[in-house]
Amino acid sequence: MAQPSDDPEIPMGSMLTPLLMLVVMSFFIFIPSVRETLSVVAGSVLEPAIPFHDTLFIPTVLILGCSIMVVNTLIRSFFMDPVKQAHFSHRNKQLRSIMNEARTERNHARLEKITRIQQKMMPEQMKMQTSMMRPMMFTMVFIFGIFGWMYTNVESFRVDHLSLPWRPQWGM
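Criteria and cut-off values
Residues numbered from 1 in each chain as written. Predicted model: local features only at pLDDT ≥ 70, side-chain atom pairs only at ≥ 80, totals over all residues. Heavy atoms only, no water. Core = buried A, V, L, I, M, F, W, Y, C linked by side-chain atoms within 4.5 Å. Buried < 20%, exposed > 50% of the residue type's maximum accessible area, 1.4 Å probe, protein only. Helix = DSSP H or I, 4+ residues; strand = E, 2+ residues; numbered from the N terminus. Contact = heavy atoms within 4.5 Å. Salt bridge = Lys/Arg side-chain N within 4 Å of Asp/Glu carboxyl O. Axes fitted to C-alpha atoms, helices over the stretch in contact; angles between N-to-C directions. Parallel < 35°, antiparallel > 145°, perpendicular 65-115°, else oblique. Nonpolar A, V, L, I, M, F, W, Y, C, P; charged D, E, K, R; others polar. Left-handed = near helix turned anticlockwise from the far one by under 90°.

Caption draft 1: Here's a closer look at the nonpolar core. Among the nonpolar cores identified, the biggest contains eight residues, and these are Ala42, Leu46, Ile50, Leu64, Ile68, Ile146, Trp149 and Met150. Secondary structure elements with two or more residues in this core: helix H2 (32-49), helix H3 (57-79) and helix H5 (108-155). Top contributing element to this core by residue count: H5, with three residues. When sequence neighbours within four positions are dropped, the list of residues in contact with Met150 reads Val61 and Leu64. Counting residues in hydrophobic clusters, the runner-up holds six residues, among them Leu95, Ala102, Leu111 and Ile114.

Caption draft 2: Structural detail: the pattern of salt bridges. Taken as a whole, this structure holds four salt bridges when the rule is applied. Glu101 serves as the salt-bridge partner of Arg110, at 4.0 Å between the closest nitrogen and oxygen. A relative accessible area of 41% means that Glu101 is categorised as partly exposed. Across the salt bridge formed by Glu105 and Arg110, the nearest N and O atoms sit 3.7 Å from each other. The class of Glu105 is exposed, set by a relative accessible area of 52%. Connected through salt bridges with shared partners, the residues Glu101, Glu105 and Arg110 form a single ionic network.

Caption draft 3: Just the packing of H2 against H5, in detail. Look at H2 against H5: their axes get within 7 Å of each other, and the N-to-C directions meet at 80 degrees. Viewed along their axes, H2 and H5 adopt a mutual orientation that is roughly perpendicular. Residues Leu38, Ser39, Ala42, Gly43, Leu46 and Glu47 of H2 form the contact with H5, whose participating residues are Val141, Phe144, Gly145, Ile146, Gly148, Trp149 and Thr152. Residue composition of the contact of H2 with H5, grouped by class: seven nonpolar, five polar and one charged.

Caption draft 4: The arrangement of the environment of Phe28 in detail. Position of Phe28 among the secondary structure elements: in helix H1 (residues 12-30). For Phe28 and Met140, which are 112 residues apart along the polypeptide, the C-alpha to C-alpha distance reads 9.2 Å. Beyond its immediate chain neighbours, meaning those up to four positions away, Phe28 contacts Val34, Arg35, Leu38, Val141 and Phe144.

Caption draft 5: Broad picture of unusual backbone geometry. Notably, Arg106 is not glycine yet its phi reads approximately 55 degrees, a positive angle. On the secondary structure map, Arg106 appears in the loop between helix H4 (82-105) and H5.

Caption draft 6: Structural view of the packing of H4 against H5. Orientation of H4 relative to H5, taken along the N-to-C sense of each, is 155 degrees, at an axis distance of 11 Å. With respect to H5, the axis of H4 lies roughly antiparallel. The two elements H4 and H5 meet at a crossing, and its hand is left-handed. Contacts between H4 and H5 involve Lys84, Gln85, Phe88, Arg91, Asn92, Leu95, Ile98, Met99, Glu101, Ala102, Arg103 and Glu105 from the former and Arg110, Leu111, Ile114, Thr115, Ile117, Gln118, Met121, Glu124, Gln125, Met128 and Met132 from the latter. Of the residues assigned to the contact of H4 with H5, the class counts are eleven nonpolar, five polar and seven charged.

Honestly, that's just the spatial picture; any functional story needs more than this.
This is how it looks when you write it as structure tokens:
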């Protein structure tokens, strides 16, 4: 007769959430109407905020990069707990060092015990990883809109020649 296992089960919902987010993000990328809508919305916000966007492209990209970092940092600060992350990191580091000691001593009983502890910690770690993925959904919407807007602006650029270090003018 099989004995019930003490191993904690990982809930299926926490495993499917990252996959579902990946599917939704791919819809944002592959459906042109959604991508164009995000681009238009980003353009309506960015064009008044950056008046020189059509003449000075490099400063515009630098400003957009900084704004993406700020938005990403703000959104992640609402969803993540740095104390809990530090706690998990410290605990995993301690377990790895104990496991390495047990390996060098060839203590199989101790290795097995540490493996069971790691398996019991797995649902908590999956929950934390899922909470770390959650802000990605919000930041990706901003990023897709901004990059779509940049694409529509760069698309209209016409260049007659390109300057390379080894060739001053390279005709297009």
